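# Geometric and topological summary
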Amino acid sequence: MSSQSKKNNNSKSSKTNNNNSNGTDKLRGTIVKALSGYYYVRAEGVSTDTAPVQCRARGIFKKRGISPLVGDEVLYSMTDNGEGTVEEVMPRSTELIRPPVANIDLAILVFSVTEPALNLQLLDKFLVHIEHAGIEPVLCLSKQDLENDGMETEEAQLAASSVNRIYRSIGYEVFGTSSRKGEGIEALHERLKGHLAVFAGQSGVGKSSLLNAIVPGLTLETNEISNRLGRGKHTTRHVELIAIGGGYVADTPGFSQLDFAELGIEDLSYCFVEMRHLASDCKFRGCTHLHEPGCAVLAAVDKGEIERSRYDNYVLFMNEMNDKKRRY
């Protein structure tokens, strides 16, 4: 997953209402799907049951290097044939490059504590990418595979305990869920309301099961979306927003591929929230937190104030980035 943060503090003030200074014929909406050169726009304020308007983008966008994305808020106009034309793309708060989606403001990182076994290195890598994109992360421990004759395994309990201890202490929200038992589903649903969210995590952790539990009756639709996204044979890959009652979730391909192509070495420590808070206390500006004297981060690691697994993963990622830099 590659990401690019495009913050614009004036984005809200620059957004235009339906009755705008450019004319009253422009409507406002959100792109909920992009496929084969068409953009499907749901008008602002309409029910999510209402079919989106099939639109083409203005030719001037291509000349200006602008590519509308799913999640974009846009101004559009209707054409005589009942379709529409995307006239203007509003400023974005965030942008993901792979998968291509805009204005995501919440990332639900779904991890199972067993089957597949919890991988803290992968969890930290997801967090680095989400932090770099400027998106708020929430951790979700899927418990669909924890049941063994009605009892959670000791391994699962220890894994869940480790995540809660390590990540809650540095400010991350952690939700425990069981799609089978319905545990934690309502709380997660409430957390999603009012947001444009994305679910991320390795294959097999139960992302689709969670969505089906959050939105009863979604099973067929989710399967259809998954097939259209290219998880079946001879299908088209694209991003689509799923209405979840008070918010949207982006059903996205491509989250299993994580690299640091968009991330600079100097950005890495910023993406570890506990290091970010200590960086100003380091003796040297631009401290890499690897070997410098007077490093506040190294001192915190020695004192046990920064979790050793988190720091070890930071060093691992830094080495990975340096290796790629030397190769290219």
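To be clear, the structure that these remarks concern was listed above.
Calculation notes
- Residues numbered from 1 in each chain as written.
- Predicted model: local features only at pLDDT ≥ 70, side-chain atom pairs only at ≥ 80, totals over all residues.
- Heavy atoms only, no water.
- Helix = DSSP H or I, 4+ residues; strand = E, 2+ residues; numbered from the N terminus.
- Polar contact = N/O pair within 3.5 Å; in protein donor to acceptor, adjacent residues only side chain to side chain.
- Contact = heavy atoms within 4.5 Å.
- Expected span 1.5 Å × (residues − 1).
- Buried < 20%, exposed > 50% of the residue type's maximum accessible area, 1.4 Å probe, protein only.
- Arc of directions from axis to C-beta.
- Pairing = 2+ DSSP bridges.
- Core = buried A, V, L, I, M, F, W, Y, C linked by side-chain atoms within 4.5 Å.
- Axes fitted to C-alpha atoms, helices over the stretch in contact; angles between N-to-C directions.
- Parallel < 35°, antiparallel > 145°, perpendicular 65-115°, else oblique.
- Nonpolar A, V, L, I, M, F, W, Y, C, P; charged D, E, K, R; others polar.
- Phe/Tyr/Trp six-rings, centres within 6.5 Å; stacked < 30°, edge-to-face > 60°.
- Left-handed = near helix turned anticlockwise from the far one by under 90°.

Position of Arg191 relative to the elements: it lies in helix 5 (residues 185-192). Here the side chain of Arg191 touches Glu173 through a polar contact of 2.8 Å, side chain to side chain. Once residues lying within four places of it in the same chain are set aside, the contact partners of Arg191 are Leu106, Glu136, Val138, Glu173 and Phe175.

Moving on, we get to helix 10 (residues 308-327). In this model, helix 10 (20 residues) spans 29 Å end to end at C-alpha, consistent with the 28 Å of a helix rising 1.5 Å per residue. Those residues of helix 10 lying buried are Arg310, Tyr311, Asn313, Tyr314, Phe317, Met318 and Met321. Along helix 10, the residues classed as buried sweep out an arc of 160° about the axis, all on the same side. The outward face of helix 10, more than 90 degrees from its buried face, is lined by the exposed residues Arg326 and Arg327. Lining the buried residues of helix 10 we find helix 3 (120-133), helix 4 (154-168), helix 8 (273-278) and helix 9 (296-302).

Turning our eyes to something else, we now look at the pairing of strand 14 (residues 196-200). Note on strand geometry: in a regular strand, side chains alternate between the two faces of the sheet. Counting buried residues along strand 14, 5 of its 5 residues qualify, which places the element largely inside the surrounding structure. Burial of strand 14 is two-sided: the residues Leu196, Val198 and Ala200 facing one way and the residues Ala197 and Phe199 facing the other way are all buried. Sheet analysis places strand 9 (residues 106-112) next to strand 14, joined by 4 bridges and oriented parallel. Within strand 14, the residue paired with Ile108 across the bridge is Phe199. Pairing of strand 14 with strand 16 (residues 248-251) involves 3 bridges; the strand directions are parallel. Within the sheet, the bridge partner assigned to Leu196 lies in strand 16 and is Tyr248.

A few words now on the nonpolar core. With 46 residues, the main nonpolar core has Ile104, Leu109, Leu123, Leu139, Val163 and Tyr167 as its most contacted residues. If we skip the residues at most four places from it in the chain, Leu109 touches Leu123, Phe126, Leu127, Ile130, Pro137, Val138, Leu139, Cys140 and Ala200. In this structure, Leu263, Cys282, Val297 and Met318 belong to the second largest nonpolar core, which totals 21 residues.

Okay, the packing of helix 5 against helix 6 (residues 207-214) next. Axis separation between helix 5 and helix 6 bottoms out at 10 Å; the angle between their running directions is 85°. The angle between the axes of helix 5 and helix 6 places the two elements in the roughly perpendicular class. Residues Ile185, Leu188, His189 and Leu192 of helix 5 lie in contact with helix 6, whose contacting residues are Leu210, Ala213 and Ile214. Taken together, the residues that form the contact of helix 5 with helix 6 break down as 6 nonpolar, 1 polar and no charged.

This brings us to the side chain of Glu131. As for its position among the elements, Glu131 is in helix 3. When near neighbours in sequence (up to four residues on either side) are disregarded, Glu131 contacts Pro137, Tyr172, Cys271 and Arg276.

It is worth spelling out the packing of aromatic side chains at this point. On inspection of all chains with the given rule, the structure shows 5 aromatic pairs. Taken together, a centroid distance of 6.3 Å and an interplanar angle of 45° make the contact between Phe272 and Phe317 tilted. Here Phe272, found in the loop between strand 16 and helix 8, pairs with Phe317, found in helix 10; they are 45 residues apart in sequence, far enough to count as distant. A single burial state applies to Phe272 and to Phe317, both of which are buried. Centre to centre, the rings of Tyr311 and Tyr314 are 6.0 Å apart; their planes meet at 35°, and the pair counts as tilted. Linking Tyr311 with Tyr314, this pair stays in helix 10, spanning 3 residues, or about one helical turn. Each member of the pair, Tyr311 together with Tyr314, is buried. Of the aromatic side chains, those joined through ring pairs into one cluster are Phe272, Tyr311, Tyr314 and Phe317.

One can describe the packing of helix 3 onto helix 10 by two numbers: an axis separation of 10 Å at closest approach and a directional angle of 65°. The orientation of helix 3 with respect to helix 10, classified from their angle, is roughly perpendicular. For helix 3 against helix 10, the interelement crossing comes out right-handed. Across the interface between the two elements, Leu120, Gln121, Asp124, Lys125, Leu127 and Val128 of helix 3 pack against Ser309, Arg310, Asn313, Leu316, Phe317 and Glu320 of helix 10.

The next thing to look at is unusual backbone geometry. Outside of glycine, negative phi angles account for most residues, and trans bonds account for most peptide bonds. With phi around 55°, Ser36 is a residue other than glycine that occupies positive phi space. Topologically, Ser36 is positioned in the loop between strand 2 (27-35) and strand 3 (38-43). Non-glycine residue His289 carries a positive phi angle of around 65°. Tracing the sequence through the fold places His289 in the loop between helix 8 and helix 9.

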